[in-house]
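Spelled out from the first residue to the last, the chains are:
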Amino acid sequence: MNGAARGLHRQAVEVIGTRIIRGEYEPGGFLHPDQIEQELGVSKTVVREALRVLASKGLIESRQKRGTFVRPRADWNLLDSDLLRWQALGSPDDSFFDNLAEVRAIFEPAAARLAAQRRTEGDLEALVEALERMSAPDSDTTAIVDADLAFHRALMAATHNELLTRMEVVIEAGLRARDQIVHGAEHCADSVPGHRAVLDAIRAQDAVAATRAVEGLLSQAVADLARVLAQSHGGETG
């Protein structure tokens, strides 16, 4: 598959997958490949390959004599990186952020405890670099979001647990969406002190302090998002 074909294939996956996640194609509903081909202006091969990818993610199923239909949400691979990202696109509902906050509250404090016990000098350097980028005076929203993600990736990496390191996919898409909302607000609370507390505890190899620092950081993240969303909803109705 050449570059142009890969681009069309990826576009088809994105369009169809996003529509399913947003409910435009409802569970149990049928997809019509011919219509998708015409609408997107792509070939049968592109649509067929896109549907194959979406089937591997548990979103759709194709059966002879029945056609291609959207599977129940319970069958979706919600931990798939694309599905997480599609859920975060546009205007995610509150349940997505609530679920994300609960998941982070379960494993990130534990990750901080392990990081404090196992961190290397290289891990500290990665955390320091991310924090410096986050606190740079000329950082815009995009730079701050990227630095925040880099910090949390470095935190997970410092656990030196391969499975925990892979958990970054669970938080990355949602964290990016959440950060863009919060850091894009007119008056954004400074998250640097909270991240610095995490770094200081990990540097000191204080597992208890690291756990508490991450718990505080996550509590602030939930409160900041709730405040910004409340202000946004108030502006819409006022």
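As shown above, the structure is provided for reference.
An account of the accompanying structure is given in this report. Fair warning: this is a prediction, and the values are worked out from it, not measured in the lab.

Each value, and the rule that gives it
- Residues numbered from 1 in each chain as written.
- Predicted model: local features only at pLDDT ≥ 70, side-chain atom pairs only at ≥ 80, totals over all residues.
- Heavy atoms only, no water.
- Phe/Tyr/Trp six-rings, centres within 6.5 Å; stacked < 30°, edge-to-face > 60°.
- Helix = DSSP H or I, 4+ residues; strand = E, 2+ residues; numbered from the N terminus.
- Buried < 20%, exposed > 50% of the residue type's maximum accessible area, 1.4 Å probe, protein only.
- Lys NZ or Arg CZ within 6 Å of the ring centre and 35° of its normal.
- Core = buried A, V, L, I, M, F, W, Y, C linked by side-chain atoms within 4.5 Å.
- Contact = heavy atoms within 4.5 Å.
- Salt bridge = Lys/Arg side-chain N within 4 Å of Asp/Glu carboxyl O.

This part covers the packing of aromatic side chains. A complete count under the given rule lists 2 aromatic pairs for this structure. Ring geometry for phenylalanine 30 and phenylalanine 69: centres 6.2 Å apart, planes at 65°, overall edge-to-face. With a gap of 39 residues between them, phenylalanine 30 in strand β1 (residues 30-31) and phenylalanine 69 in strand β3 (residues 67-70) connect regions that are remote in the sequence. Among the residues examined, phenylalanine 30 registers a relative accessible area of 40% and is labelled partly exposed. The buried category is assigned to phenylalanine 69, whose relative accessible area is 6%. Taking NZ or CZ as reference, arginine 66 lies 3.9 Å from the ring centre of phenylalanine 69, over its face.

Note on placement: alanine 116 falls in helix α5 (residues 94-118). By relative accessible area, alanine 116 is classed as buried at 0%. Between the alpha carbons of alanine 116 and leucine 155 there is a distance of 9.4 Å; along the sequence they are 39 residues apart.

In most cases, non-glycine residues show a negative phi, while peptide bonds are predominantly trans. Backbone geometry at lysine 65 places phi at a positive 70°, although glycine is not the residue there. Position of lysine 65 relative to the elements: it lies in the loop between β2 (60-63) and β3. One non-glycine residue, histidine 160, adopts positive backbone phi at about 55°. Relative to the helices and strands, histidine 160 is located in the loop between α7 (141-157) and α8 (162-166). You can call histidine 160 partly exposed: its relative accessible area is 45%.

This part takes up the nonpolar core. Grouped together as the largest cluster of nonpolar side chains are 26 residues, with contacts concentrated most on Leu127, Phe151, Leu155, Val198 and Ile202. At the level of elements, α5, α6 (121-135), α7, α10 (192-203) and α11 (207-237) are the ones that each hand at least two residues to this core. In this view, isoleucine 202 contacts Ala112, Ala115, Ala116, Arg119, Leu124, Leu127, Leu155 and Ala210; residues no more than four positions away in its chain are not counted. With 22 residues, the next largest nonpolar core counts Leu40, Val46, Val53 and Leu83 among its residues.

This brings us to the side chain of arginine 19. Here arginine 19 shows up in helix α1 (residues 3-22). With a relative accessible area of 19%, arginine 19 lands in the buried category. Each residue touching arginine 19, except ones within four places of it in the same chain, is listed here: Glu24, Tyr25 and Glu39.

Between side chains of opposite charge, a pair can form as their charged atoms come close. Going through the model one piece at a time under the given rule, you end up with 20 salt bridges. The closest approach of N and O atoms between arginine 71 and aspartate 75, which form a salt bridge, is 3.6 Å. Taken together, the salt bridges that share partners define one network made up of Arg10, Glu14, Lys57, Asp80, Asp82 and Arg85.

Turning next to the environment of leucine 51. Take leucine 51: it is sitting in helix α3 (residues 44-56). Between the alpha carbons of leucine 51 and glycine 17 there is a distance of 9.2 Å; along the sequence they are 34 residues apart. The residues contacting leucine 51, other than those within four sequence positions of it, are Ile16, Leu31, Pro33 and Ile60.

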